[in-house]
Amino acid sequence: MNEVVLATLAGFAVGILFSAIKLPVPAPPVLSGVMGVVGVYLGGITYQWIIERFFS
C-alpha cells in the first residue's frame, strides 16, 4: 500500500510540475490509454502465473 501512495504522490508532483512549465501532462489522455497500461501489467502477471503453474 505504501508503494501506491508514493506513486500517487509522485504522479501528482509531476502533474503540477508539467502544468507549471506549460508542458502537456505525460499520461494517457483518455481511458483507453490507461486501460492499455493496465492490460500490459495484467499480461505480465498472467505470464508469471502461467510459468509458475505449468512449467515449474
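Structure first, text after, so check above.
These remarks concern the structure in this document.

Procedures and definitions
Residues numbered from 1 in each chain as written. Predicted model: local features only at pLDDT ≥ 70, side-chain atom pairs only at ≥ 80, totals over all residues. Heavy atoms only, no water. Helix = DSSP H or I, 4+ residues; strand = E, 2+ residues; numbered from the N terminus. Rg over C-alpha atoms; globule rule 2.2 N^0.38 Å. Buried < 20%, exposed > 50% of the residue type's maximum accessible area, 1.4 Å probe, protein only. Areas by Shrake-Rupley, 256 points an atom, 1.4 Å probe, with all protein chains shown as cover. Phe/Tyr/Trp six-rings, centres within 6.5 Å; stacked < 30°, edge-to-face > 60°. Lys NZ or Arg CZ within 6 Å of the ring centre and 35° of its normal. Patch = residues over 30% accessible without salt bridge, like charges linked within 9 Å, V, L, I, M, F, W, Y side chains within 5 Å. Salt bridge = Lys/Arg side-chain N within 4 Å of Asp/Glu carboxyl O.

### Structural notes on the overall build of the protein
When helices and strands are counted, the protein shows two helices and zero strands. Scaling as 2.2 N^0.38, a compact globule of 56 residues should have a C-alpha radius of gyration of about 10 Å, whereas the protein reaches 16 Å, well beyond that. Its C-alpha atoms give the protein principal-axis dimensions of roughly 50 × 25 × 15 Å. For the protein, buried positions account for 2% of its 56 residues. As displayed, the protein offers around 5,000 Å² of accessible surface, 75% of which is attributable to carbon and sulfur atoms.

### With respect to the environment of alanine 27
Secondary-structure assignment places alanine 27 in the loop between α1 (2-20) and α2 (31-54). According to the relative accessible area criterion, alanine 27 is partly exposed, its value standing at 43%. Taking the C-alpha atoms as reference, alanine 27 lies 9.4 Å from glycine 11; in sequence the two are 16 residues apart.

### A short note on the environment of methionine 1
Turning to its location among the elements, methionine 1 is positioned in the segment before α1. Its relative accessible area of 79% is what places methionine 1 among the exposed residues. Considered as a pair, methionine 1 and glycine 33 are 32 residues apart in the sequence and their alpha carbons are 24 Å apart.

### What to know about the packing of aromatic side chains
The final tally for this structure, using the stated rule, is one aromatic pair. Here tryptophan 49 and phenylalanine 54 contribute two aromatic rings whose centre-to-centre distance is 6.1 Å and whose plane-to-plane angle is 85 degrees, an arrangement assigned as edge-to-face. When the ring centre of phenylalanine 54 is taken as reference, the NZ or CZ atom of arginine 53 above it lies at 5.9 Å.

### A short note on a nonpolar patch on the surface
Taken together, the side chains of Leu31, Val34, Met35, Val38, Tyr41, Leu42 and Ile45 make up a nonpolar region of the molecular surface, amounting to roughly 670 Å² of accessible area. Along the chain, valine 38 falls in helix α2.

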